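Letter by letter, the chains look like this.
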Amino acid sequence: MIIPLAHRAGQTQEYYFSVKLAEVRKLQAAGHDIINIGIGNPDMMPSENTIQALIESVQQPGSHGYQSYKGIPAFRAAIARFYAHTYGVQLDSETEILPLIGSKEGITHISLTFLNEGDEVLVPELGYPAYRAVSRMVGATVREYGLMEYQGWQPDWQAMADQVNERTRIVWLNYPHMPTGAPATRALFEQAVRFAHDHNVLLCHDNPYSLILNQRPPISLLSIDGAKEVAIEMNSMSKSHNMAGWRIGWMMAAKPYIDAVLSIKSNVDSGMFLPVQQAAAEALGNSDEWHRQRNAVYHERLDAVHAFLNALGCTYSTDQEGMFIWAKLPDHIESAEALVDDLLYNKHIFIAPGFIFGPKGDRYIRVSLCMPKERIQAAVTRLK
């Protein structure tokens, strides 16, 4: 290269799945049939009316130009209706909602907006790797707060309070939790909002899994009194509406937070493709029955994944929510990394090792439900 890398590029490693999926593709190119139950890539279709709305919009001559940085009013209004129906949360569609190109984009925009070099961020360990990676990219210092199995993968709020100082700016939260599947509860969110008020930190909640295999009514952080004063919540259509490749999400917060993030986002992109927004607005009106049918498919796959984990001798909780199952390795298996490579190269099965979500995941694996049950059952047969 004619010039050196920026510091942030030298400090950031390629995403684990980007590297590992290259290995998967190489094996597939060599003729091997790989059963990929490692990533959360929904394989079911969006609703029929969603597809039809996209087709009708894309055929219109006026659908192909630049769009508003804030998204079209119809899409924001659909988000507001969806949140009122699903979570009982009232949102002003004009001032409290900002569409995103997937919630992963939101992690970056929020970090760019509110973090200076040297500021500190509390991220869960275990947790989504992007919280750490993006914080470090913008020059912030990452402080990890531990989530322990014996505490139901819930934060230890006193231990977190001991980590807060005058440089702490953001706390990342994610429930239902990925990768452990720990459910969201009202008590958890009430404590989180109280923590943010007490310590003057911005609470950022990532909420893409609340409609997948939820065993109780879904809950939003924004339903808690006082949350809008101290919190931003993000949501996504990737998992809940089978639209991962569409890259559609949004953030919700009080107007000052939305306006601040928009000042950054408007310098990065020019708004989503209009037909995608119109189709997303249609999808947000999917019936409760549509969501029940999608979850019925995941329930069938859940039985197959449990059989797979039983064959490995793993232990796991049956109250997990979301599209993954988090499982602890038996003592006789050397490590998650060794198991992943053994399964990939000898059984042609790909699963995710727990350590990519933090060191506490070293003795765990994560298995995805985004594969037909027949394929998961075939993986069980390969193990035997």
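Here's a quick rundown of the structure. (Residues numbered from 1 in each chain as written. Predicted model: local features only at pLDDT ≥ 70, side-chain atom pairs only at ≥ 80, totals over all residues. Heavy atoms only, no water.)

The method is simple in principle: a probe with the dimensions of a water molecule rolls over the atoms, and the space it marks as empty is what remains. For the coordinates displayed, the defined rule picks out four cavities of 30 Å³ or more. Estimates place the volume of the largest cavity at around 60 Å³. Lining the largest cavity, in full, are Leu 213, Leu 302, His 306, Ser 317, Thr 318, Asp 319, Gln 320, Glu 321, Gly 322, Phe 324 and Ile 325. Listing elements by their share of the lining of the largest cavity, those giving two or more residues are α12 (288–312) and β10 (324–328). Grouping the amino acids of the lining of the largest cavity by side-chain chemistry returns four nonpolar, five polar and two charged. (1 Å grid on protein atoms, 1.4 Å probe; cavity = no way out; pocket = protein on both sides within 12 Å on 5 of 7 lines; lining within 4 Å. Points joined across faces, edges and corners; volume = space filled by probe spheres on them. Helix = DSSP H or I, 4+ residues; strand = E, 2+ residues; numbered from the N terminus. Nonpolar A, V, L, I, M, F, W, Y, C, P; charged D, E, K, R; others polar.)

An order of β2-β8-β7-β6-β5-β3-β4 is seen for the seven strands of this open sheet, with the pairing classed as mixed. Each having just a single partner strand, β2 (97–100) and β4 (141–146) make up the two edges of the open sheet. Between one strand axis and the next, the sheet turns through 25° on average, direction left out of account. Where strand β5 (residues 168–173) meets strand β6 (residues 202–206), four bridges bridge the pair, whose relative direction is parallel. If you follow Leu 173 over to β6, its bridge partner there is His 205. (Pairing = 2+ DSSP bridges. Axes fitted to C-alpha atoms, helices over the stretch in contact; angles between N-to-C directions.)

Bringing the packing of aromatic side chains into the picture now. Here the structure, examined in full by the defined rule, presents 14 aromatic pairs. A centroid spacing of 6.1 Å and a plane angle of 65° characterise the contact between Phe 82 and Tyr 83, whose relative ring orientation is edge-to-face. Like Phe 82, the residue Tyr 83 is buried in the burial classification. On the numbers, 5.4 Å between centres and 50° between planes, the contact of Trp 157 with Phe 195 is tilted. A residue pair is termed long-range when its members are at least 10 positions apart, and Trp 157 in helix α7 (residues 157–163) and Phe 195 in helix α8 (residues 186–199) qualify at 38 residues. Each member of the pair, Trp 157 as well as Phe 195, is classed as buried. Members of the aromatic cluster, connected to one another through ring pairs, are Phe 75, Phe 82, Tyr 83, Tyr 87 and Trp 250. The cationic tip of Arg 366 hangs over the ring face of Phe 324; the distance from NZ or CZ to the ring centre is 3.6 Å. (Phe/Tyr/Trp six-rings, centres within 6.5 Å; stacked < 30°, edge-to-face > 60°. Buried < 20%, exposed > 50% of the residue type's maximum accessible area, 1.4 Å probe, protein only. Lys NZ or Arg CZ within 6 Å of the ring centre and 35° of its normal.)

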